[in-house]
Amino acid sequence: MRILLLEDDKQLGPWVAGGLREEGHVVDHFEDGKDALMAAMGQEYDLLILDRMVPSLDGLAVLKSLRASKNTSPALFLTALGEVDARVEGFEAGGDDYLTKPFAFAELSARVNALGRRREGGDTAQDVSTVLRFADLTLDLLARRCERQGRPIELMAKEFKLLEYFMRRPGRLVTRTMLLEQVWEMSFDPTTSVVETHISRLRAKIDKPFKDALIRTRRGEGYVFGT
């Protein structure tokens, strides 16, 4: 993807830009809001990553100007402003995602890739599927039934939703924050163990009785579903 990055921090900006380039993206890095706006007006980007607090023109104003000019490039706010009001303001300005500092690069990468797939329509067919299958595991969303190797597995409501989230993203890194927001509809809470508790219960049902484990932990990053 071709990405516009607006970040004025002298250490963070080059670090983010470098990490994204290592993943194969083309990154145009700007430290000034006006320069970023001019670039986005003259060049089509697959994704905009915008800091809220930068010189000349802040990221919020940049996005408002772009949306007013009918620019529809997906936008991710990357900022220290993590209050609910600030997040709402970002989404109302036309933002598609919001990640607060400090953050793990793995989560930024996962969100960048998710926005890229959304722009390309890559998840469309999967999103409407009512029967999900991976290896010998089947999840029937309409019948609310789970089976592995033909054996029925009883799942509680949150376990079912958690497994559906994983099965729609095989092989992709899923972070704790992503699960809190998408499965539990909660903001980040470092004190809660709800994610770890439910994943442990889910593993006991879909992994431990079978030879191959499907839910793998990446220490310090999150989880990956798949063999």
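My aim in this report is to walk through the structure given alongside it, one point at a time.

The rules behind each value
- Residues numbered from 1 in each chain as written.
- Predicted model: local features only at pLDDT ≥ 70, side-chain atom pairs only at ≥ 80, totals over all residues.
- Heavy atoms only, no water.
- Helix = DSSP H or I, 4+ residues; strand = E, 2+ residues; numbered from the N terminus.
- Contact = heavy atoms within 4.5 Å.
- Areas by Shrake-Rupley, 256 points an atom, 1.4 Å probe, with all protein chains shown as cover.
- Lys, Arg positive; Asp, Glu negative; His and termini not counted.
- Charge placed at Lys NZ, Arg CZ, Asp CG, Glu CD.
- Core = buried A, V, L, I, M, F, W, Y, C linked by side-chain atoms within 4.5 Å.
- Buried < 20%, exposed > 50% of the residue type's maximum accessible area, 1.4 Å probe, protein only.
- Arc of directions from axis to C-beta.
- Polar contact = N/O pair within 3.5 Å; in protein donor to acceptor, adjacent residues only side chain to side chain.
- Pairing = 2+ DSSP bridges.
- Axes fitted to C-alpha atoms, helices over the stretch in contact; angles between N-to-C directions.
- Salt bridge = Lys/Arg side-chain N within 4 Å of Asp/Glu carboxyl O.
- Phe/Tyr/Trp six-rings, centres within 6.5 Å; stacked < 30°, edge-to-face > 60°.
- Lys NZ or Arg CZ within 6 Å of the ring centre and 35° of its normal.

## Section: the overall build of the chain
Within the chain one finds nine helices and twelve strands. Dimensions of the chain along its principal axes, counting C-alpha atoms only, are 60 × 35 × 35 Å. For the chain, the share of sequence-separated contacts (at least 6 apart) that also reach a separation of at least 24 residues comes to 55%. As displayed, the chain has an accessible area near 11600 Å², and 49% of this comes from carbon and sulfur atoms. Computing the positive centroid from 33 side-chain charges and the negative centroid from 36, the chain places the two 6 Å apart.

## Quick look at the nonpolar core
Leu139, Leu163, Phe166 and Leu179 are the most contacted members of the largest nonpolar core, which totals 30 residues. Those elements that place two or more of their residues in this core are strand S7 (137-140), helix H7 (157-167), helix H8 (176-182), helix H9 (194-206) and strand S12 (222-225). For this core, the element with the highest residue contribution is H7, accounting for six residues. Excluding residues within four positions of it along the chain, Leu163 makes contact with Leu137, Leu139, Cys146, Leu155, Leu202, Ile206 and Phe225. In terms of nonpolar packing, the next biggest core, distinct from the first, is built from 20 residues, Leu4, Val54, Ala93 and Tyr98 among them.

## Some details on helix H2 (residues 33-42)
For H2, the complete set of buried residues consists of Gly33, Ala36, Leu37, Ala39 and Ala40. Taken down its axis, H2 places every buried residue within 165 degrees of arc, on the same side. More than 90 degrees from the buried face of H2, the exposed residues found are Met38 and Gly42. If you check the start of H2, you find a side-chain oxygen 2.9 Å away from the backbone N of Lys34, and it comes from Asp32.

## As for the sheet that holds strand S4 (residues 75-79)
Read across the sheet, five strands follow the order S2-S1-S3-S4-S5 without closing on themselves; strand pairing throughout is parallel. Both edges of this open sheet fall to strand S2 (26-30) and strand S5 (97-100), since each of them pairs with a single strand only. Between one strand and the next, the sheet's axes are offset by a mean angle of 15 degrees, whatever the strand orientation. Docked against the sheet, helix H3 (residues 59-68) engages strand S1 (2-6), strand S3 (47-50) and S4, running at close to 170 degrees with respect to S4.

## A word on the pattern of salt bridges
Counted under the stated rule, the structure contains 17 salt bridges. Here Asp28 makes a salt bridge to Arg2, at a shortest N to O gap of 3.1 Å. Placement of the pair is Asp28 in strand S2 and Arg2 in strand S1, with a sequence separation of 26 residues. On the basis of relative accessible area, Asp28 is assigned to the buried category, the value being 18%. Between Lys205 and Glu159 there is a salt bridge, with the nearest N and O atoms lying 2.7 Å from each other. Remark: Glu159 occurs in helix H7 and Lys205 occurs in helix H9; sequence separation between them is 46 residues. Residue Lys205 is classed as partly exposed on the basis of its relative accessible area of 27%. Each member of the salt-bridge network shares a partner with another, and the members are Arg87, Asp97, Glu107, Arg111 and Glu181.

## Quick notes on the packing of aromatic side chains
Scanning the model with the defined rule gives seven aromatic pairs in all. When the ring of Trp15 is compared with that of Phe103, the centres are 6.0 Å apart and the planes differ by 45 degrees; the resulting orientation is tilted. Taken together, the positions of Trp15 in helix H1 (residues 12-22) and Phe103 in the loop between S5 and helix H5 (105-120) put the pair 88 residues apart, joining distant regions of the chain. With a relative accessible area of 43%, Trp15 lands in the partly exposed category. The positively charged end of Arg52 is found above the aromatic ring belonging to Phe77, 5.9 Å away from the centroid.

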